[in-house]
Amino acid sequence: MVQVRVAGVALDATQQHVILLKPIDELPGEGQILPIWIGQQEATSILIAIEGAEVPRPLAHDLMRNMLDSLGARVTRVEVSRIDDGTFYAEITLETAAGQRIVDSRPSDAVALASRVGAPIWVADAVMDEAGMADNVTEVGEGEEAETDISERLDEFKRFIDDVDPEDFR
């Protein structure tokens, strides 16, 4: 497992929301980044939690946090545990009066909840190996052929990810 942080929430070229998870010990432009496509509501919920914005009424993830608090349960960690046929799976680990409990979750809901309660987010090594992207810009040396258009667009997207700020999506 590798501990990650939310590096950003963005829109891809088809206007689909994507959450970007980056190992906490890696600098922008180094290592890997894990993109996970999520729904609009989940993207909004994650951005609100990251920004610490106030909402007039609790969103679903606020409700989850409030319910856990009222039951005396605490989120100790969330994990993006596996990927199966392109679908990501996550688990939320809870500390309760009855002991530790692990709850199946979508990654977007797990990350949104973790962002609200300050719980660490982890990604299984196998998931990062399968779906992670190198977070570096490939340099082309003198005399070498230029990258293909797709590679250039990927590099541009990686640079965008490095500089993305949740404020950009308000």
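Everything numeric in this text was worked out from a predicted model, so none of it was measured.

Peer 1: Please explain the sheet that holds strand E1 (residues 2-11) as it appears in this structure.
Peer 2: What holds strands together in a sheet is hydrogen bonding between their backbones, with the strands either parallel or antiparallel. Judged by pairing direction, the sheet is mixed, and its eight strands sit side by side in the order E6-E5-E4-E7-E1-E2-E3-E8 without closing on themselves. A strand with exactly one partner marks an edge of an open sheet, and here the two such strands are strand E6 (99-105) and strand E8 (133-134). Those strands touched by helix H3 (residues 107-117) are E1, strand E2 (17-23), strand E3 (32-38), strand E4 (74-84), strand E5 (87-96), E6 and strand E7 (121-123), and its axis lies near 40 degrees from that of E5.

Peer 1: Is there a simple way to think about the side chain of Arg116 in this case?
Peer 2: Within the element layout of this structure, Arg116 appears in helix H3. At 3.3 Å, the side chain of Arg116 forms a polar contact with the backbone oxygen of Ala112. Every residue in contact with Arg116, bar those within four places of it in the chain, is listed here: Ser45, Ile48, Ala49, Leu59, His61, Asp62 and Arg65.

Peer 1: I tried to follow the packing of helix H2 (residues 60-70) against H3 on my own but got confused; where do I start?
Peer 2: Between two packed helices, what matters for the description is the angle formed by their axes and the separation of those axes. Remark: H2 packs on H3, axes separated minimally by 9 Å, with the N-to-C direction vectors making an angle of 60 degrees. With respect to H3, the axis of H2 lies oblique. H3 is crossed by H2, and the crossing has right-handed handedness. Counting all contacts with H2, which are made through His61, Asp62, Met64, Arg65 and Leu68, the residues of H3 involved are Asp109, Ala112, Leu113, Arg116 and Val117. Of the residues that constitute the contact of H2 with H3, the class distribution is five nonpolar, one polar and four charged.

Scoring rules and cut-offs
Residues numbered from 1 in each chain as written. Predicted model: local features only at pLDDT ≥ 70, side-chain atom pairs only at ≥ 80, totals over all residues. Heavy atoms only, no water. Pairing = 2+ DSSP bridges. Helix = DSSP H or I, 4+ residues; strand = E, 2+ residues; numbered from the N terminus. Contact = heavy atoms within 4.5 Å. Axes fitted to C-alpha atoms, helices over the stretch in contact; angles between N-to-C directions. Polar contact = N/O pair within 3.5 Å; in protein donor to acceptor, adjacent residues only side chain to side chain. Parallel < 35°, antiparallel > 145°, perpendicular 65-115°, else oblique. Left-handed = near helix turned anticlockwise from the far one by under 90°. Nonpolar A, V, L, I, M, F, W, Y, C, P; charged D, E, K, R; others polar.

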